[in-house]
Amino acid sequence: MASPSRRLQTKPVITCLKSVLLTYTFIFWFTGVILLTVGIWGKVSLEVYFSLLNEKATNVPFVLIGTGTVIILLGTFGCFATCRASAWMLKLYAMFLTLIFLVELVAAIVGFVFRHEIKNSFKMNYEASLKQYNDTGIQRSEAVDTIQKTLHCCGVQSATDWETTAYYAEKGFPRSCCRFHSCTWADRKDLKKQSQEGCFVKVTTVIQSEMGVVAGISFGVACFQLIGIFLACCLSRSITNNQYEIV
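Values in this document were obtained by computation on a predicted structure and should not be read as measured data.

On to the overall build of the protein chain, then. A count of helices and strands for the protein chain gives 8 helices and 0 strands. The order of α-helices and β-strands along the protein chain, N terminus first, is α-α-α-α-α-α-α-α. In the protein chain, buried positions account for 40% of the 247 residues. Partitioning the contacts of the protein chain with sequence separation of at least 6, the portion at a separation of at least 24 is 72%. If you sum the accessible surface of the protein chain, you get close to 13,900 Å²; carbon and sulfur atoms cover 67% of it.

Okay, structure coming up:
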């Protein structure tokens with residue numbers, strides 16, 4: 001049995017670790033809210049761009065939403081485990097943190113490796129959307145119009161890409177290509193009155209900048225979890241040692 005002075009030295013350490021871990025867990029819970037918000041924001045603001053990518057790319061916002069939700073639930077469990085000062089619950093908390101960290105790390109590596117594939121996929125789908133374009137409300141056609149209006153661009157590489165499409169042969173350039181607020185039917189056949197820059201470079205720049213924000217936040221959250229793993233393990237060990245000392 002450990003001396004009373006030894007136990008008195010251990011208790012302040014446990015109290016200190018509990019306070020630090022509770023603070024960490026609250027911040028960790030808040031990062032879950034941030035990831036959830038970023039996922040919803042990505043789904044809303046980047047949906048137009050994702051609609052012209054493959055189906056796997058469209059799952060990115062849902063992955064962030066799911067991860068954010070799991071972190072919020074796990075953060076709540078971490079607070080409960082810390083307040084209860086339960087050694088086995090803290091070990092379980094550390095194990096879950098490690099698992100999420102590994103999943104996020106693998107996802108980041110896969111996203112980095114296949115970043116060029118996303119560009120190629122977008123280019124192919126955008127070219128196909130131009131060939132199949134019509135103004136009757138098809139999702140991809142609406143996506144093309146939104147991109148061309150928002151980024152003030154036209155075609156894939158340039159406005160001349162439209163000249164080989166069936167839509168151009170029938171009606172000319174789409175209204176979204178026009179550089180002015182309103183274009184007549186005659187203007188829609190006039191190349192000089194259309195935006196000259198292609199959309200591919202502009203869209204990939206937007207995607208890279210926006211995804212850079214998403215990747216940065218995700219990487220930061222993943223690294224932050226290492227602190228939680230360390231604190232949970234330390235507190236669990238201190239509680240276990242204190243129990244043995246009492247015995």
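Looking now at the layout of surface pockets. What the second largest pocket holds in volume is close to 240 Å³. When the residues that make up the lining of the second largest pocket are grouped by side-chain class, the tally is 4 nonpolar, 6 polar and 3 charged.

Averaged over all residues, the pLDDT of the protein chain is 79; the fraction at 70 or higher stands at 81%. When mean pLDDT is compared element by element in the protein chain, helix 7 (residues 166-171) scores highest at 87, while helix 2 (residues 47-50) scores lowest at 68. Scored below 50 in pLDDT, residues 1-9 shows 10 contacts in the model against residues more than four places distant or in partner chains.

Okay, the UniProt feature "transmembrane region" (unreviewed entry) in the protein chain next. In this structure's numbering, the residues bearing the UniProt feature "transmembrane region" (unreviewed entry) are residues 21-42, 62-80, 92-114 and 213-235. Strand forms 0% of residues 21-42 and helix 100%; the C-alpha atoms that close the span are 31 Å apart. Here residues 62-80 is 100% helix and 0% strand, with 27 Å between the C-alpha atoms at its ends.

Next up on the list: the nonpolar core. Leu21, Tyr24, Phe28, Tyr93, Leu97 and Leu235 are the most contacted members of the largest nonpolar core, which totals 25 residues. Every element with two or more residues in this core is listed here: helix 1 (4-45), helix 3 (60-84), helix 4 (87-113) and helix 8 (199-246). Excluding residues that lie within four positions of it along the chain, Leu235 makes contacts with Ile14, Leu17, Lys18, Leu21, Thr82 and Leu90. Membership of the second largest hydrophobic core comes to 20 residues, among which are Cys154, Val156, Ala159 and Val206.

This paragraph deals with a nonpolar patch on the surface. On the surface, Phe26, Ile27, Trp29, Phe30 and Ile34 cluster together into a nonpolar patch covering about 460 Å² of accessible area. Its place among the elements puts Phe30 in helix 1.

Throughout the structure, instances matching the rule amount to 2 disulfides. In this model, Cys153 is linked to Cys199 through a disulfide, with the two sulfur atoms separated by 2.1 Å. Linking Cys153 and Cys199, the disulfide has an S-S dihedral of approximately 100 degrees and is accordingly described as right-handed. Of the two residues, Cys153 is situated in the loop between helix 6 (139-151) and helix 7 and Cys199 in helix 8; the sequence distance between them amounts to 46 residues. Residue Cys153 is classed as buried on the basis of its relative accessible area of 0%. What makes Cys199 buried here is its relative accessible area of 0%. The disulfide bridge from Cys154 ends at Cys177, spanning 2.0 Å between sulfur atoms.

Counting across every chain of the model gives 9 aromatic pairs. A ring pair is formed by Trp162 and Tyr167, whose centres lie 6.4 Å apart and whose planes are at 65 degrees; its orientation type is edge-to-face. Note on Trp162: relative accessible area 0%, which makes it buried. With a relative accessible area of 6%, Tyr167 lands in the buried category. Taken together, the ring pairs in this structure connect Tyr24, Phe28 and Phe224 into an aromatic cluster. For the cation-ring pair, Lys123 lies above Phe200, with the distance from its terminal atom to the ring centre recorded as 5.6 Å. Lying across the ring of Tyr168, Lys189 places its NZ or CZ 4.7 Å from the centre.

The tally for this structure, following the rule as stated, stands at 2 salt bridges. Across the salt bridge formed by Lys202 and Glu197, the nearest N and O atoms sit 3.6 Å from each other.

Moving on: the environment of Leu73. Examined against the element boundaries, Leu73 turns out to sit in helix 3. Judged by relative accessible area, which is 58%, Leu73 ranks as exposed.

Conventions and cut-offs
- Think of each chain on its own: its residues are numbered from 1, step by step along the sequence as written.
- Two thresholds apply to this predicted model, a pLDDT of at least 70 for residue-level local features and 80 or more for giving and counting side-chain atom pairs, whereas whole-chain, interface and lining totals are computed over all residues.
- Note that water and hydrogens are dropped before the side-chain values are worked out from all heavy atoms of the structure.
- Helix and strand labels come from DSSP, where a helix needs a run of H or I of at least four residues and a strand needs a run of E of at least two; each type is numbered from the N terminus.
- Think of it in three bands: residues with accessible area under 20% of the maximum for their type are buried, residues over 50% are exposed, and the middle band is partly exposed, with areas taken using a 1.4 Å probe on protein chains only.
- By definition, residues are in contact when any of their heavy atoms lie within 4.5 Å.
- Per-residue accessibility takes into account occlusion by the displayed protein chains alone, with areas from the Shrake-Rupley method and a 1.4 Å probe.
- Cavity and pocket criteria rest on a 1 Å grid covering protein atoms alone: a 1.4 Å probe that fits but cannot get out defines a cavity, protein on both sides within 12 Å along at least 5 of 7 lines defines an open pocket, and an atom within 4 Å of a point defines a lining residue.
- Grid points are joined across faces, edges and corners, and a volume is the space filled by probe spheres set on the points.
- Three classes are used, and their members are as follows: Ala, Val, Leu, Ile, Met, Phe, Trp, Tyr, Cys and Pro are nonpolar, Asp, Glu, Lys and Arg are charged, and the others, Gly among them, are polar.
- As a per-residue quantity, pLDDT reports the predictor's confidence and falls between 0 and 100.
- UniProt positions are given in the numbering used here, feature names are shortened, and annotations may be inferred rather than shown by experiment.
- Nonpolar core, defined: a set of buried Ala, Val, Leu, Ile, Met, Phe, Trp, Tyr and Cys residues in which side-chain atoms within 4.5 Å join the residues together.
- A patch consists of residues exposed above 30% relative accessible area that lack any salt bridge, with like charges linked at up to 9 Å and nonpolar side chains (Val, Leu, Ile, Met, Phe, Trp, Tyr) linked at up to 5 Å.
- Should a side-chain nitrogen of Lys or Arg be within 4 Å of a carboxyl oxygen of Asp or Glu, the pair is scored as a salt bridge.
- Pairs of cysteine sulfur atoms within 2.5 Å are what we label disulfides.
- Pairing of aromatic side chains here covers Phe, Tyr and the six-membered ring of Trp, requires ring centres within 6.5 Å, and sorts the geometry by plane angle: under 30 degrees stacked, over 60 edge-to-face, intermediate tilted.
- Charge over a ring is defined by NZ of Lys or CZ of Arg lying within 6 Å of the ring centre and within 35 degrees of the ring normal.

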